[in-house]
Amino acid sequence: MLKLATELLPEFFLFLGIDFFVALSLLTCLMGHFRRTVPYLYEAAAVFGYVNMLMSREFLSTFGEYMRFCYCFLYLALALANIVGINVYLLVSKKQWNIAKIFASSVTFPTILISAFFFSLYGGDTSHVLTAALLSSAMVLGVGIAFLVGPEKMKNWLGRR
Amino acid sequence: MANRKSLDLIVLLVISMLVVTASAAIYNYMYLEASSIGAEAPLVKFVSGSDATSTLGTNDTYAKITDMAGWPNATRVYEDALRIENLDGDLHSCELMFDSWDGDISNVTYIYVKIFNTVGETQQGSTLSVTTGNSTGTFDLPASTTWYVQWEIKWDGGALSTYTVDVTLMLKVS
């Protein structure tokens, strides 16, 4: 019988977050809707994740699994929030409806789906509610960040509607 | 402008590759470091039966039946020679296998070992024949259940009371 290897370390979420930040960095560089510093900021966030992983390795025996899970998942949630935030920024602030749609279907949705899949693998059968709650929180956080990025334009846009 | 963007992209690509490769290497290293081999309490153990005396080892994972004897040209049956108990809340697949035997083995007609759910009830798995060296095949021991090991011994007609054999079996639990 085929069995899936489900023994994921909490640092897997950190690794996933690093991947997402790296992808965001390259995408924001390619898209041209952002300032030049934005891709570098995302790259710095990825490097910060790498430093986190180094720290996690050094303190593997000191930190409990719960603590490691907390900061690793927080990092992943931040990466997801940024992805959602970029999506909302493209939609609301830049009014690039088509690009936002493509971004949502090719980046935002797959990344959330991948994260939910690995989270459910890590947590086992009992984590479905927590998975949904955490991912919903990440999405709400992303929307909130988008409001912070362009509050005036958002107000205008909402006012016009 | 386009050149600057290309340059940015190349720089970001190089940094990205470095960061991702290094992170993957560290994760792999941590995975190996965290995958230690631990010890846990046994889930299946031996219990002495009522028809024979057994010496049980530490944690009851080893059992030595000390006072069984067969008759010449007649079958002697120990219906409750030893018991196998599943302590776990889950079912476990088990297989009782022949390992080795020595002594006056040329005078043994047969030694059969069978597993029963209850003494005299339904046999589980097939018959282990010590003389042919086979196994009981895999049988599923349900959660929190004790099953019974039955021994059937028959010596040849000319066997003397001084003759003995030592039989070693192995219980595989998965």
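Residues numbered from 1 in each chain as written. Chains lettered and ligands numbered in written order. Predicted model: local features only at pLDDT ≥ 70, side-chain atom pairs only at ≥ 80, totals over all residues.

### Topic: the overall build of chain A
Working step 1: When you go through chain A residue by residue, the secondary structure sums to 6 helices and 0 strands.
Working step 2: When the helices and strands of chain A are listed from N to C terminus, the series reads α-α-α-α-α-α.
Working step 3: Out of the 161 residues belonging to chain A, those deemed buried represent 33%.
Working step 4: Of the contacts formed within chain A by residues at least 6 apart in sequence, a portion of 71% connects residues at least 24 apart. (Helix = DSSP H or I, 4+ residues; strand = E, 2+ residues; numbered from the N terminus. Buried ≥ 20, exposed ≤ 12 C-beta atoms within 10 Å, placed from the backbone. Contact = placed C-beta atoms within 7 Å.)

### Quick word on the overall build of chain B
Working step 1: Along chain B, the regular secondary structure elements total 1 helix and 11 strands.
Working step 2: Order of helices (α) and strands (β) in chain B, N terminus to C terminus: α-β-β-β-β-β-β-β-β-β-β-β.
Working step 3: When each of the 174 residues of chain B is scored for burial, the buried share is 22%.
Working step 4: If you take every contact in chain B between residues at least 6 apart in sequence, the share linking residues at least 24 apart comes to 71%.

### Structural notes on the interface of chain A and chain B
Working step 1: Of the residues lining the interface, 21 residues belong to chain A; the matching set on chain B comes to 18 residues.
Working step 2: Residue assignment for the side of chain A that touches chain B shows that the elements contributing at least two residues are α1 (11-31) and α2 (37-58) of chain A.
Working step 3: If one sorts the elements of the side of chain A that touches chain B by residue count, α1(A) sits on top with 10 residues.
Working step 4: For the side of chain A that touches chain B, the residue count by class is 15 nonpolar, 1 polar and 5 charged. (Nonpolar A, V, L, I, M, F, W, Y, C, P; charged D, E, K, R; others polar.)

### Topic: unusual backbone geometry
Residue and element names in this part refer to chain B.
Working step 1: Located in the positive-phi region is Asn59, a residue other than glycine, with phi close to 65°.
Working step 2: Along the chain, Asn59 turns up in the loop between β2 (54-56) and β3 (63-65).
Working step 3: Residue Asn59 is classed as exposed on the basis of its 10 C-beta neighbours within 10 Å.
Working step 4: Residue Ser144 is not a glycine yet carries a positive backbone phi of 50°.
Working step 5: If you trace the backbone, Ser144 turns up in the loop between β9 (139-141) and β10 (146-155).

### Some remarks on the environment of B:Tyr110
Working step 1: Looking at the element boundaries, B:Tyr110 is found in strand β7 (residues 108-116).
Working step 2: A tally of 15 C-beta atoms within 10 Å means that B:Tyr110 is categorised as partly exposed.

### Considering the environment of B:Lys64
Residues and elements named next belong to chain B.
Working step 1: Within the secondary structure layout, Lys64 lies in strand β3.
Working step 2: Taking the number of C-beta atoms within 10 Å as the measure of exposure, Lys64 has 13 and is therefore partly exposed.
Working step 3: Separated by 104 residues in sequence, Lys64 and Thr168 have C-alpha atoms that sit 8.9 Å apart.
Working step 4: Excluding residues within four positions of it along the chain, Lys64 makes contact with Ser54 and Thr55.

### Some thoughts on the nonpolar core
Working step 1: Counting 33 residues, the largest nonpolar core has A:Ile18, A:Phe21, A:Ala46, A:Leu76 and A:Ala79 as its most contacted members.
Working step 2: If you list the elements that add at least two residues to this core, you get α1, α2 and α3 (65-93) of chain A together with α1 (2-34) of chain B.
Working step 3: Leave out the neighbours within four places in its chain, and A:Ile18 touches A:Ala46, A:Gly49, A:Tyr50, B:Val19, B:Val20 and B:Ser23.
Working step 4: Residues B:Ala81, B:Phe98, B:Val113 and B:Val149 belong to the second largest nonpolar core, which totals 23 residues. (Core = buried A, V, L, I, M, F, W, Y, C linked by C-beta atoms within 7 Å.)

### Let's talk about the packing of α1(A) against α2(A)
Residue and element names in this part refer to chain A.
Working step 1: Contact pair α1 / α2: the axes reach a minimum separation of 8 Å and the direction vectors enclose 165°. Accordingly, the angle class assigned to the pair α1 and α2 is roughly antiparallel. In terms of crossing hand, the pair formed by α1 and α2 is left-handed. In contact with Glu11, Leu14, Gly17, Ile18, Phe21, Val22, Leu24, Ser25, Thr28 and Cys29 of α1, α2 contributes Val38, Pro39, Tyr42, Glu43, Ala45, Ala46, Gly49, Tyr50, Asn52, Met53 and Ser56. (Axes fitted to C-alpha atoms, helices over the stretch in contact; angles between N-to-C directions. Parallel < 35°, antiparallel > 145°, perpendicular 65-115°, else oblique. Left-handed = near helix turned anticlockwise from the far one by under 90°.)

### Remarks on the sheet that holds strand β11 (residues 165-173) of chain B
The strands making up a sheet associate through backbone hydrogen bonding, with each pair oriented either parallel or antiparallel.
Residues and elements named next belong to chain B.
Working step 1: Ordered by their spatial adjacency, 3 strands build an open sheet running β9-β6-β11, and the pairing between neighbours is antiparallel. Where the open sheet ends on each side, the last strands, each with one partner, are β9 and β11. The mean inter-strand angle of the sheet, taken between neighbouring strand axes irrespective of direction, is 40°.
Working step 2: In this sheet, β9 lies alongside strand β6 (residues 92-103) in antiparallel orientation, the contact comprising 3 bridges. Paired with Ser93 across the bridge in β9 is Asp140. (Pairing = 2+ DSSP bridges.)

### Side note on the confidence of the model for chain A
Working step 1: Summary statistics for chain A give a mean pLDDT of 80 and a share of 73% for residues scoring 70 or more.
Working step 2: Helix α6 (residues 151-160) of chain A is the least confidently modelled element of chain A, averaging 61 in pLDDT, while α1(A) averages 93, the highest of any element. (pLDDT = per-residue confidence, 0-100.)

### Some details on α1(A)
All names here are of chain A.
Working step 1: Between its first and last C-alpha atoms α1 spans 30 Å; for 21 residues at 1.5 Å apiece the expected length is 30 Å, and the two agree.
Working step 2: α1 sits mainly inside the fold: 15 of its 21 residues count as buried.
Working step 3: Positive phi appears at Gly32, one or two residues downstream of α1, with a value of about 80°. (Expected span 1.5 Å × (residues − 1).)

### Regarding the environment of A:Leu74
Working step 1: Here A:Leu74 shows up in helix α3.
Working step 2: Here the alpha-carbon distance between A:Leu74 and A:Gly17, two residues 57 residues apart in the chain, equals 9.2 Å.

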